[in-house]
Amino acid sequence: MAGRTLYDKLWDDHLVKSRDDGSALLYIDRHLLHEVTSPQAFEGLRIAGRQPWRINANLATPDHNVPTTLNERNAGIEGIVDPVSRIQVQTLDDNCDEFGITQYAMGDVRQGIVHVVGPEQGATLPGMTVVCGDSHTATHGAFGALAHGIGTSEVEHVLASQCLVAKKMKNMRVRVEGKLGRGVTAKDIVLAVIGEIGTAGGTGCAIEFAGTALEDLSMEGRMTICNMAIEAGARVGLVAVDNTTIDYIRGKPGAPKGADWDAAVNYWHTLHSDVDAVFDHEVILDAAAIEPQVTWGTSPEMVAPVGASVPDPDQEADATRADGIRRALQYMGLSAGQALTSIQLDRVFIGSCTNSRIEDLREAAAVVKGRKVAETIKEAIVVPGSGLVKQQAEAEGLDKIFIEAGLQWREPGCSMCLAMNADRLGEGEHCASTSNRNFEGRQGFGGRTHLVSPAMAAAAAVTGYFVDVRELMGDAA
Amino acid sequence: MKALTVHQGLVAPLDRANVDTDMIIPKQFLKSIKRTGFGKNLFDELRYLDVGEADQDCSGRPLNPDFVLNQPRYKDVSILLARQNFGCGSSREHAPWALEDYGFRCVIAPSFADIFYNNCFKNGLLPIVLSEQQVDDLFAACQTEEGFNLTVDLERQVVVTPGGDELSFEIDPFRKECLLKGLDEIGLTLQEEDTIRAFENKHQKKFPWLFQELA
């Protein structure tokens, strides 16, 4: 028998039943909830008179709608100015109370972006199945957990039955081999991967990210990469468990205790693909060849190294692609052949479930330290991923570095990644953003998003343009 | 869920690739805690010339005359013809809710994003994958022929053109069954309660740490 992939192992360990029609029931260990995709699911439970199957599998926190300014935050839910947002956050609060679900509510230091909070609390562990009504649930795959986004009907299904009706995905492996260059980060890896395979390149697949460059990454970096598996079309991103994973979990509130810890670690060490496992697709990238990336278009696959130029649709042979480029350039207000370094920025956003963890903030702070935000930048905001990330950053003095440089230091939440709260772009504004999607209107009506790493966003903040961050780094960096 | 067996309807062509769920239903409308009423904001940024807000009366908003669904010939549309990777991005089920609320029962494209595809089936909306060539041909027919209709026969897994050509499509047997009968998937799963319970007990013995309480 051929060896099994990591995905195969996780699937096998959670398979409740294979049905004759090809569908399967998969057991769900952890269910994360936030305010946007859960209200209709709770309502469905109430209408059908059903109760959650296993309360302690669920963990909730509000993140998408929460304001990030201290003024608006101080008064809790009541203080949310937008009445529609306020009702949604209140509804999560009410539903968690009614059903007895653990919630890190506004005002709790553990509140934050659900994909930052889960790992930080040890609520995400290797070998788990983790689902959430949010496509960036792929993030948790960095721990060797089978994690993916689901729709609201499935949120209700998991609440009611602790299972999902699932179909096995294909196995894909993306190997990134070699050493990353200076100033090049996990975000650049994943943008380069998406540029290589396209936004539908991983459709129908679970992507395992592997190779020496992945092994060298911290858990924060691995989360950044798995987070954007969905931007390559894959619901699932995965990284094998190693000592980096286990060291990260040790001491977290939800980590196994006592004898359970040893048993868990033994099991976790089996969570990697067997050497003779067969993948349906494999892509190999040379880490040393990856440069800092900048997206120029309206899809994450529209990406290029910072030293490159905006492509010319007339040079594109495929008509649909050429049409896509033309549309994107028009929306973005860019011209074919224009250097990416000539794009002038209006705003900078450092945050989101992709890049709001402590390492991301350190990376950005190192670049802005001793510098000032360019005068042409209207606003540059740093939004930590959780209350605990914020606390840690403040303990390290990162908040002061940002504030002295002229960036704003905000309260945790999803913020300008999708602009459901008050943080958003104006029409036509260009933003250097550490988030995950540059779709039309994503960060505000008519807003123009460029996806970059935290270091590149920081460099853009202090220069006002895209600049190769390596030019701002000292020799010692 | 509404059942779908045979559906005949007017087809509208949305000629762009990688239509994402932010485009199908922008974020400001996700603040609703209801499952209905999203149809008026379907494709909001393409459809209207102004910026839409949640809970707004849309009847007086300026329409974008260039947007396909605003053209009078597509007024009673129920089948959307789209390009590759339709529904990419966010997992928001508000996207199929908005399509369904607008009046769509089927979306035909050469490929769909996984989560969107899956979400459609929970809402009586049938996503149909046809080949690039077949989709190209349907675009051509739809654009030249006013009132272009298709018949979708789910039982037989075919799309029937006005000329009588039958284009067959694949679908999972489980999803097909649920959609044909309009079944409640949760109810079906809960019929397996004993099997789930037995699995859970075994799972807990093997991995007890997965069942500890969170603080």
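Criteria and thresholds
Residues numbered from 1 in each chain as written. Chains lettered and ligands numbered in written order. Predicted model: local features only at pLDDT ≥ 70, side-chain atom pairs only at ≥ 80, totals over all residues. Heavy atoms only, no water. UniProt positions renumbered as here; feature names shortened; annotations may be inferred. Helix = DSSP H or I, 4+ residues; strand = E, 2+ residues; numbered from the N terminus. Buried < 20%, exposed > 50% of the residue type's maximum accessible area, 1.4 Å probe, protein only. Contact = heavy atoms within 4.5 Å. Areas by Shrake-Rupley, 256 points an atom, 1.4 Å probe, with all protein chains shown as cover. Pairing = 2+ DSSP bridges. Buried area = accessible area lost by both parts, 1.4 Å probe. Salt bridge = Lys/Arg side-chain N within 4 Å of Asp/Glu carboxyl O. Polar contact = N/O pair within 3.5 Å; in protein donor to acceptor, adjacent residues only side chain to side chain. Nonpolar A, V, L, I, M, F, W, Y, C, P; charged D, E, K, R; others polar. 1 Å grid on protein atoms, 1.4 Å probe; cavity = no way out; pocket = protein on both sides within 12 Å on 5 of 7 lines; lining within 4 Å.

Per an unreviewed UniProt entry, chain B goes by the name 3-isopropylmalate dehydratase small subunit and belongs to Parendozoicomonas haliclonae. Regarding chain B, the UniProt comment filed under Subunit (unreviewed entry) reads as follows: "Heterodimer of LeuC and LeuD." The UniProt entry for chain B carries the following comment under Sequence similarities (unreviewed entry): "Belongs to the LeuD family. LeuD type 1 subfamily."

As recorded by an unreviewed UniProt entry, chain A carries the name 3-isopropylmalate dehydratase large subunit and is attributed to Parendozoicomonas haliclonae. Heading Pathway (unreviewed entry) of the UniProt record for chain A holds this comment: "Amino-acid biosynthesis; L-leucine biosynthesis; L-leucine from 3-methyl-2-oxobutanoate: step 2/4." According to the UniProt record, the Catalytic activity (unreviewed entry) comment for chain A is "(2R,3S)-3-isopropylmalate = (2S)-2-isopropylmalate".

**Student:** In this structure, what is going on with the overall build of chain B? I would like to understand it.
**Tutor:** Secondary structure summary: chain B contains eight helices and seven strands in total. Seen along its three principal axes, the alpha-carbon backbone of chain B occupies a region of about 65 × 45 × 25 Å. A total of 215 residues make up chain B; the buried ones form 59% of that total. Considering only residue pairs separated by 6 or more positions, chain B has 64% of its internal contacts joining residues 24 or more positions apart. Accessible area of chain B: about 8,700 Å², with a carbon and sulfur share of 48%.

**Student:** Got a minute to help me understand the sheet that holds strand E15 (residues 347-350) of chain A in this structure?
**Tutor:** Hydrogen bonding along the main chain pairs the strands of a sheet, whether they run parallel or antiparallel. Judged by pairing direction, the sheet is parallel, and its five strands sit side by side in the order E17-E16-E15-E18-E19 (chain A) without closing on themselves. Only two strands of the sheet have a single neighbouring strand rather than two, namely strand E17 (408-409) and strand E19 (448-451) of chain A.

**Student:** Before we go on, may I ask you to explain the interface of chain B and chain A in this structure?
**Tutor:** A common way to report how large an interface is uses the accessible area buried once the components associate. Contact with chain B, which involves 64 residues of that partner, is made by 85 residues of chain A. Here chain B meets chain A over a buried area of about 6,200 Å², counting both sides, of which 57% is carbon and sulfur. Contact with chain A buries surface across chain B, with Lys31(B), Trp209(B) and Leu214(B) losing the most and accounting together for 13% of the total. A salt bridge links Asp13(A) to Lys206(B); the shortest N-O distance between them is 3.5 Å. Along the contact surface separating chain B from chain A lie 36 residue pairs in polar contact (both at pLDDT 80 or more). For the side of chain B that touches chain A, the secondary structure elements donating two or more residues are helix H1 (21-24), helix H3 (94-102), helix H4 (114-121), helix H6 (173-181), helix H7 (185-190) and helix H8 (193-206) of chain B. Considering every element that reaches the side of chain B that touches chain A, the biggest residue donor is H8(B), with eight residues. Looking at the side of chain B that touches chain A residue by residue, the classes come out as 24 nonpolar, 16 polar and 24 charged.

**Student:** Would you mind going over the UniProt feature "binding site: [4Fe-4S] cluster" (unreviewed entry) in chain A with me for this structure?
**Tutor:** Residues and elements named next belong to chain A. Taken from the UniProt record, the annotation "binding site: [4Fe-4S] cluster" (unreviewed entry) applies to Cys 353, Cys 414 and Cys 417. These annotated residues cover 65 residues of sequence, and their C-alpha atoms lie no more than 8.6 Å from one another, placing them together at a single site. In the annotated set above, the residues contributing to the lining of the largest cavity are Cys 353, Cys 414 and Cys 417. Tracing the sequence through the fold places Cys 414 in the loop between E17 and strand E18 (430-433). Setting aside chain neighbours within four positions, we find Cys 414 in contact with Asp 63, His 64, Ile 113 and Phe 349.

**Student:** How should I be thinking about the UniProt feature "domain: Aconitase A/isopropylmalate dehydratase small subunit swivel" (unreviewed entry) in chain B in this particular structure?
**Tutor:** According to UniProt, the positions carrying the feature "domain: Aconitase A/isopropylmalate dehydratase small subunit swivel" (unreviewed entry) are residues 1-132 of chain B. Between the end C-alpha atoms of residues 1-132 of chain B the distance is 30 Å, and the span holds 20% helix and 16% strand.

**Student:** Is there a simple way to explain the pairing of strand E8 (residues 163-166) of chain A in this structure?
**Tutor:** In the case of a regular strand, side chains alternate between the two sheet surfaces. Residues and elements named next belong to chain A. Where burial is concerned, the two faces of E8 agree: the one with Cys 163 and Val 165 and the one with Leu 164 and Ala 166 are both buried. Taken together, the four bridges between strand E2 (residues 24-27) and E8 define a ladder with antiparallel strand orientation. Counterpart to Leu 26 in the pairing with E8 is Leu 164.

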